[in-house]
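# Summary of structural features
Chain residues, written in single-letter form:
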Amino acid sequence: QEVSNPQYIFVISHGWNSDTSAERFQSLANQINETCSALGISCSIYLPDWGPGAKQLTPWSAAVNIDAAAEGAFNLLNAKGVDPTKINLIGESFGNWVNQGIAQRFDGVDKILSFNPANELSRYEPQDHTAFSNLSYSFSTLSGADTDRPIADFNIRLQTPFNNWDKQHSYGIQWLTNT
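Our subject in this report is the structure included herewith. Computed from a predicted model, the values in this text were never measured in an experiment.

Moving on: the pattern of salt bridges. Taken as a whole, this structure holds seven salt bridges when the rule is applied. A salt bridge links E120 to R149; the nearest nitrogen and oxygen atoms lie 3.2 Å apart. One end of the pair, E120, is in the loop between β4 (109–115) and β5 (133–140); the other, R149, is in the loop between β5 and β6 (154–157), with 29 residues separating them in the sequence. For E120, a relative accessible area of 31% puts it in the partly exposed group. One salt bridge in this structure joins R157 and D148, with 3.1 Å as the shortest N-O distance.

The subject of this paragraph is unusual backbone geometry. Here N17, not a glycine, exhibits a phi torsion of approximately 60°, which is positive. If you trace the backbone, N17 turns up in the loop between β1 (8–13) and α1 (23–39). Look at N17 and you get partly exposed, because its relative accessible area is 49%. The phi torsion at S93 lies on the positive side, around 55°, for a residue other than glycine. Mapped onto the elements of the fold, S93 is located in the loop between β3 (87–92) and α5 (94–105).

With that settled, consider the state of the cysteines. Counted by the stated rule, this structure contains one disulfide. One disulfide bridge connects C36 with C43, the sulfur atoms lying 2.1 Å from each other. Here the disulfide of C36 and C43 is left-handed, its torsion about the S-S bond being about -85°. You can call C43 buried: its relative accessible area is 4%.

Moving on to the packing of α1 against helix α7 (residues 171–178). Their axes nearest at 9 Å, the elements α1 and α7 cross at an angle of 25°. One element, α1, and the other, α7, form an angle in the roughly parallel class. Crossing of α1 over α7 shows left-handed handedness. On the side of α1, the interface is formed by R24, F25, S27, L28 and Q31, while α7 contributes I173, Q174, L176 and T177. Looking at the contact of α1 with α7, its residues break down into four nonpolar, four polar and one charged.

Our focus in this paragraph is the nonpolar core. The biggest cluster of nonpolar side chains holds 28 residues, and the ones touching the most others in it are V11, I66, I87, L89, F94, I102 and F106. Every element with two or more residues in this core is listed here: β1, α3 (59–63), α4 (66–79), β3, α5 and β4. If you tally residues by element for this core, the top one is α4, at six residues. Ignoring sequence-local partners within four residues, the contact set of I87 consists of I9, V11, V82, F106, V109, D110 and K111. Counting 17 residues, the second largest nonpolar core, distinct from the first, contains I90, L113, F139 and Y171.

Conventions used here
- Residues numbered from 1 in each chain as written.
- Predicted model: local features only at pLDDT ≥ 70, side-chain atom pairs only at ≥ 80, totals over all residues.
- Heavy atoms only, no water.
- Salt bridge = Lys/Arg side-chain N within 4 Å of Asp/Glu carboxyl O.
- Helix = DSSP H or I, 4+ residues; strand = E, 2+ residues; numbered from the N terminus.
- Buried < 20%, exposed > 50% of the residue type's maximum accessible area, 1.4 Å probe, protein only.
- Disulfide = S-S within 2.5 Å.
- Axes fitted to C-alpha atoms, helices over the stretch in contact; angles between N-to-C directions.
- Parallel < 35°, antiparallel > 145°, perpendicular 65-115°, else oblique.
- Left-handed = near helix turned anticlockwise from the far one by under 90°.
- Contact = heavy atoms within 4.5 Å.
- Nonpolar A, V, L, I, M, F, W, Y, C, P; charged D, E, K, R; others polar.
- Core = buried A, V, L, I, M, F, W, Y, C linked by side-chain atoms within 4.5 Å.

Right, here's the structure in full:
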């Protein structure tokens, strides 16, 4: 959803082996839209899709596409003339590193919310969000795919109802949608 001169801009970025059509991203976008409407706040929501770059056989082959995905999303937002001080980036796994690239290209955004940020085993070094946002939060689980590094102003460990690492690693966006 896009509105003229919004008070808030939300960018939701997906990770490896996913795309923006996944139910959890669509549900989150719908929840944000409903919340903004209920509060009388004007919001634009963008879901940049780097699906072809993300849908690779291994996370290592997807990781090499993160910078291009960030550049593409930045170019889209920049072409729309968005105000970076209104941008709130929400990411999952590698989507957090896409968001970091967006924030760096804008030389800072308002907030970054990282859910299940991918760890350094992906051969992509976890980035510190504090330098490119006014406020940042990182929500991780015990999934072996999540980084343990502090990357935000607030680093929070979520409890999940799952024992499976893959379900744990995609739990954060579901948790936010239902909160």
